[in-house]
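# Architecture and fold: a report
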There are 2 protein chains.
Amino acid sequence: MNRVLNMTERKQKILAAVVESYIRTGEPVGSKNLMGELDFSVSSATIRNEMADLAEMGYLEQPHTSAGRVPTTLGYRYYIDKLMNKMELNEADCKSITKTVSSGSGDPEQLLEKAGEVIANLTNCAAITTMPAGDKATVRRAEIVPVSNRTAMIVLLTSAGTLKSKACRSDMPITPQTVERFYNVCASHFVGRPLEEIGTVMLQTLVASLGEHALEMSPFFVALADLANDALSSDVLLEGQSNLFNHRELGGNVIELMEFLRKGDPLAKLIAGGTDDVDIKIGTENKYKQLANSSVIISHYDINGERSGALGIIGPTRLNYAKLIPYMQFVSGLVGKILTETLDEQ
Amino acid sequence: MNRVLNMTERKQKILAAVVESYIRTGEPVGSKNLMGELDFSVSSATIRNEMADLAEMGYLEQPHTSAGRVPTTLGYRYYIDKLMNKMELNEADCKSITKTVSSGSGDPEQLLEKAGEVIANLTNCAAITTMPAGDKATVRRAEIVPVSNRTAMIVLLTSAGTLKSKACRSDMPITPQTVERFYNVCASHFVGRPLEEIGTVMLQTLVASLGEHALEMSPFFVALADLANDALSSDVLLEGQSNLFNHRELGGNVIELMEFLRKGDPLAKLIAGGTDDVDIKIGTENKYKQLANSSVIISHYDINGERSGALGIIGPTRLNYAKLIPYMQFVSGLVGKILTETLDEQ
DNA sequence: TTTAGCACTCGAAATAAAAGAGTGCTAAAG
DNA sequence: CTTTAGCACTCTTTTATTTCGAGTGCTAAA
């Protein structure tokens, strides 16, 4: 025994056929059925031997002894990297996507929400989208607006077009002088500076320098720091969550999966990483165990040539990669283009 | 035959015992089991007769011929209106609720989110909360802030402390004059006036009067009208949706139910109606067919003595009404108190 | 190296049987 | 007239048993 197994061309063809058949039907695929799907004629026994080899090599596995074969994570990976032929985009689909996505009023949040919806419907998966990153955003404007005697809204607008606000309560009455003082401090210390600089340390020294007004002003600066943090942590939108119910193979884990998706934080991390144009994580390739039965396709978008955010889908491992990857690229490209136009600085 | 069936005291006791037992266990309750739960001794046969009567009267029903009895909508209703003894609030719970809910920074949205979470955890149901109604809110401030050459944020702050914003794109460059002009128009026409007045009709006449600037300004006013509408339609927050999975009796309908909850609109209507302090809708009493197997408990909160919003839970009909109703009242009372303090005008 | 043939495995579906909980009715007792 | 013991009957749930079929792995011949 202990022979060496090489990946031959025939094995590749068989692997591709298994993957594609499984993606299409969701049923483990057996040697007989596979005969009809190959562009060369061999007996089922031959295919069986090849499949046994592929299983030994780690590309296929059997749910149980007498069932057909199913691709492993490794099998999908090999298929995607070496075997898959990306499908062309359907002209009509492109048009309708473009129409839907660009129908908004120019509001980035609305745009990404729409894009998420489109993707979710198109792919029958859950879609996640991130708002344009605020990493390098600067403060464009910061002010307080009183809403009652002791409560004011703190408003922060960034150069990335993100606007965050928050009510804040003070122990002392809010006078027009308070408002003006806050405005002046912001204008001189924050406007035009990166959001990151509004940290608690910075604030402490600042508040200290305010002397007699320190007590009065400090809650507002604390709130402002909160807002800056908010604006920095890019928002994640989730659409079409319930599409996941349509995929039986996710089984009872759908609930855990949805619970996982509900928390925005890991999602943000999920979508953040990766340097490629399109990131694909299959099953156990995902760092989060809740995603062990899912695949994730993430496609980034650029604003003014700079990586700014991403769109992604989450579904069963059995995704139609050949079709969906080009779609994701198309939509993210579109989003990037629209946002570049919208937020263009000059 | 055709005898008249009267509700006797014994029947009431039996009905209450059935309802309470079913709420506790989720199993149809049979005559023998019920014997142990009554404060008087009769044979199971007697109970059987009484239960048959209650079934004929419409308060109980059988899932199938040889199963125990389950309360009908009518049965629950009778129990809640006439038989139920509200449970006292647990001192420790109150404290921890108060602590959690009031731990925020004074932001109403954050407050209601926290309150929703608390309720969801406490009741193991989905919780809905509405932001304070903007019905009578007036415009406190409206302005545009440029974020790029042709894009600006429209910002609207209402007297109710709601702040809405939206990006808006113009076909012409946005100049400081544009900003000032917008500000002036808003100051003279909108500030201090009810939100409702910013309708499209009003806008049309206004834009017409702008003469040469009409084209330049109109997209902003349209966006402003959008924002006003947004601010008027009270936002609904949903928490603990996934708790619904824990209730097996909701069966396969959980998915439809969640899908229904995802759309905010019917939720808003659901929570809006009702004049009582606490509204309870049991199963088919709900107007929406998706809620036919669910119960809804809604408790309103007042700000400055005026009905302003509500907190609600959605769960199976088999809710522990005696315990949850007081809890809902407590939390909504608390929310009202905190918001009154926060938004107090004087 | 490929292929036909065949025994074997294992899950899924179908069928049968048994168990159990609860009812409704009857007839006797209070 | 009301209550209760007794009992046959109904219907779901559970468990056991069987059957079926798809698919494999192995062997031996081409």
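Predicted model only: the values in this text are computed from it and were never measured.

Once that is clear, we can look at the interface of chain B and chain A. Each side of the interface is counted separately: chain B has 36 residues, and chain A has 36 residues. Counting each side, the surface lost to burial between chain B and chain A is near 3,000 Å², with a carbon and sulfur contribution of 56%. A per-residue breakdown of the area chain B buries against chain A is headed by B:Val147, B:Leu163 and B:Phe245, which together make up 16% of the total. Remark: the boundary between chain B and chain A carries two salt bridges.

Residue and element names in this part refer to chain A. Strand order in the open sheet made by the three strands is β4-β5-β6, with antiparallel pairing throughout. A strand with exactly one partner marks an edge of an open sheet, and here the two such strands are β4 (139-146) and β6 (163-169). In this sheet, neighbouring strand axes are inclined to one another by 15° on average, regardless of whether the strands run parallel or antiparallel.

On to the relation of the copies chain B and chain A, then. Between chain B and chain A, the superposition needs a rotation of 180° and an axial shift of 0.0 Å, giving an RMSD of 0.1 Å. Expressed as an axis order, the relation between the two copies is that of a two-fold axis. In this assembly, 100% of the residues forming the interface of chain B have copies in chain A that are likewise at the interface, indicating an isologous arrangement.

Before going further, it helps to examine helix α4 (residues 73-83) of chain A. Regarding α4(A), the residues found buried are A:Gly75, A:Tyr76, A:Tyr78, A:Tyr79, A:Ile80 and A:Leu83. The secondary structure elements touched by the buried residues of α4(A) are α1 (9-25), β2 (70-71), β8 (278-282) and α12 (321-343) of chain A.

Moving on, we get to the protein's contact with DNA strand C. Neighbouring residues of DNA strand C: 21 residues in total, closest A:Arg10, A:Thr46, A:Thr65, A:Ser66 and B:Ser31. Between DNA strand C and the protein, one listed contact pairs a phosphate oxygen with a side-chain N or O atom of A:Arg10 at 3.0 Å. Here a base nitrogen of DNA strand C sits 3.2 Å away from a polar atom, N or O, in the side chain of B:Arg48. If you list the elements that add at least two residues to the surface near DNA strand C, you get α3 (44-56) of chain A together with α2 (31-35) and α3 (44-56) of chain B. For the surface near DNA strand C, the leading source of residues is α3(A), giving four residues.

With that settled, the discussion passes to empty space enclosed by the protein. Residues and elements named next belong to chain A. Enumeration over the complete set of coordinates arrives at seven cavities of 30 Å³ or more. Estimates place the volume of the largest cavity at around 70 Å³. In terms of lining residues, the largest cavity is bounded by ten residues, among which Met 131, Pro 132, Thr 162, Ala 231 and Asp 235 are the most central. Considering only residue class, the lining of the largest cavity consists of three nonpolar, four polar and three charged.

All names here are of chain A. Contact pair helix α5 (residues 91-101) / helix α6 (residues 108-123): the axes reach a minimum separation of 9 Å and the direction vectors enclose 150°. Between α5 and α6, the angle falls in the class roughly antiparallel. The interaxial crossing formed by α5 with α6 has right-handed handedness. Where α5 abuts α6, its residues Asp 93, Ile 97, Thr 100 and Val 101 lie against Leu 111, Lys 114, Ala 115, Val 118 and Leu 122. Among the residues forming the contact of α5 with α6, the class breakdown is six nonpolar, one polar and two charged.

All names here are of chain B. For the pair helix α7 (residues 176-189) and helix α9 (residues 214-232), interaxial distance at closest approach is 11 Å and the crossing angle is 50°. Judged by the angle between their axes, α7 and α9 are oblique. Considering how the two elements wind past one another, α7 and α9 form a crossing that is right-handed. Side by side, α7 and α9 meet where Thr 178, Arg 181, Phe 182, Val 185 and Cys 186 of the first sit next to Glu 216, Met 217, Phe 220, Phe 221 and Leu 224 of the second. Of the residues assigned to the contact of α7 with α9, the class counts are seven nonpolar, one polar and two charged.

Right, let's talk about the protein's contact with DNA strand D for a bit. Among the 21 residues in the neighbourhood of DNA strand D, the closest are listed as A:Ser31, B:Arg10, B:Ser43, B:Thr46 and B:Ser66. When the atoms of DNA strand D within 4 Å of the protein are sorted by group, sugar and phosphate make up 76%. Take A:Asn33: an N or O atom from its side chain is 3.5 Å from a phosphate oxygen of DNA strand D. Within the side chain of A:Arg69, one N or O atom sits 3.3 Å away from a phosphate oxygen of DNA strand D. Among the elements that line the surface near DNA strand D, the one with the most residues is α3(B), at four residues. Each residue belonging to the surface near DNA strand D can be placed in one class, and the counts come to four nonpolar, 13 polar and four charged.

Cut-offs and rules
Residues numbered from 1 in each chain as written. Chains lettered and ligands numbered in written order. Predicted model: local features only at pLDDT ≥ 70, side-chain atom pairs only at ≥ 80, totals over all residues. Heavy atoms only, no water. Contact = heavy atoms within 4.5 Å. Buried area = accessible area lost by both parts, 1.4 Å probe. Salt bridge = Lys/Arg side-chain N within 4 Å of Asp/Glu carboxyl O. Pairing = 2+ DSSP bridges. Helix = DSSP H or I, 4+ residues; strand = E, 2+ residues; numbered from the N terminus. Axes fitted to C-alpha atoms, helices over the stretch in contact; angles between N-to-C directions. Least-squares fit on C-alpha atoms with pLDDT ≥ 70 in both. Buried < 20%, exposed > 50% of the residue type's maximum accessible area, 1.4 Å probe, protein only. Near = heavy atom within 4 Å. Polar contact = N/O pair within 3.5 Å; in protein donor to acceptor, adjacent residues only side chain to side chain. 1 Å grid on protein atoms, 1.4 Å probe; cavity = no way out; pocket = protein on both sides within 12 Å on 5 of 7 lines; lining within 4 Å. Points joined across faces, edges and corners; volume = space filled by probe spheres on them. Nonpolar A, V, L, I, M, F, W, Y, C, P; charged D, E, K, R; others polar. Parallel < 35°, antiparallel > 145°, perpendicular 65-115°, else oblique. Left-handed = near helix turned anticlockwise from the far one by under 90°.

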